[in-house]
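These are the residues of each chain, in order.
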Amino acid sequence: MIDKKTIETMLALPDDRLMQMISIAAGAAGINLGGKTPSAETVSGLRAVLSEVDDSDIARFFELVSLYKKAKKS
């Protein structure tokens, strides 16, 4: 499971590696990002959001992904 420390490690990566890690994490959660390369502005925005995430946000994310998977199976 991803935690705050993992996110902090990811934020230290260059943009291309960060997006690769986000894509892998999303794929593991059953979310396909479509393989598109986001703009530098989008990556910057993701970095800003991820830098503010705490463990309760992460737990909520996984709760929502679980609900998404259940709904997708229905």
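None of the values given here were measured: they were computed from a predicted structure.

1. As for the environment of Ser 66
Along the polypeptide, Ser 66 turns up in helix 4 (residues 55-73). Taking the C-alpha atoms as reference, Ser 66 lies 9.5 Å from Gly 30; in sequence the two are 36 residues apart.

2. Some details on the confidence of the model for the protein
Taken residue by residue, the protein gives an average pLDDT of 90. The fraction at 70 or more is 100%. The spread of mean pLDDT over the elements of the protein runs between helix 4, the lowest at 87, and helix 3 (residues 40-52), the highest at 95.

3. Details of helix 2 (residues 15-28)
Compared with an ideal rise of 1.5 Å per residue, which puts 14 residues at 20 Å, helix 2 spans 20 Å between its outermost C-alpha atoms and is within 8% of the ideal. What helix 2 keeps buried is the set Leu 18, Met 19, Ile 22 and Ala 26. Buried residues of helix 2, viewed axially, fall in a sector of 95°; they line one side. In helix 2, those exposed residues whose orientation departs by more than 90 degrees from the buried face are Asp 16, Ile 24 and Ala 28. Tucked into the core, helix 2 has its buried residues touching helix 1 (4-11) and helix 3. One or two residues past the end of helix 2 sits Gly 30, with phi positive at roughly 85°.

4. Concerning the pattern of salt bridges
Under the defined criterion, the tally for this structure stands at two salt bridges. A salt bridge links Arg 47 to Asp 15, with the shortest nitrogen-to-oxygen separation between them at 3.0 Å. Here Arg 47 is found in helix 3, whereas its partner Asp 15 is found in helix 2, with 32 residues between them in sequence. Using a relative accessible area of 36% as the deciding quantity, one classes Asp 15 as partly exposed. Arg 60 is the salt-bridge partner of Glu 63, the closest N and O atoms lying 2.7 Å from each other. With Glu 63 and Arg 60 both in helix 4, this residue pair falls three residues apart, about one helical turn.

About the thresholds
- Residues numbered from 1 in each chain as written.
- Predicted model: local features only at pLDDT ≥ 70, side-chain atom pairs only at ≥ 80, totals over all residues.
- Heavy atoms only, no water.
- Helix = DSSP H or I, 4+ residues; strand = E, 2+ residues; numbered from the N terminus.
- pLDDT = per-residue confidence, 0-100.
- Expected span 1.5 Å × (residues − 1).
- Buried < 20%, exposed > 50% of the residue type's maximum accessible area, 1.4 Å probe, protein only.
- Arc of directions from axis to C-beta.
- Contact = heavy atoms within 4.5 Å.
- Salt bridge = Lys/Arg side-chain N within 4 Å of Asp/Glu carboxyl O.

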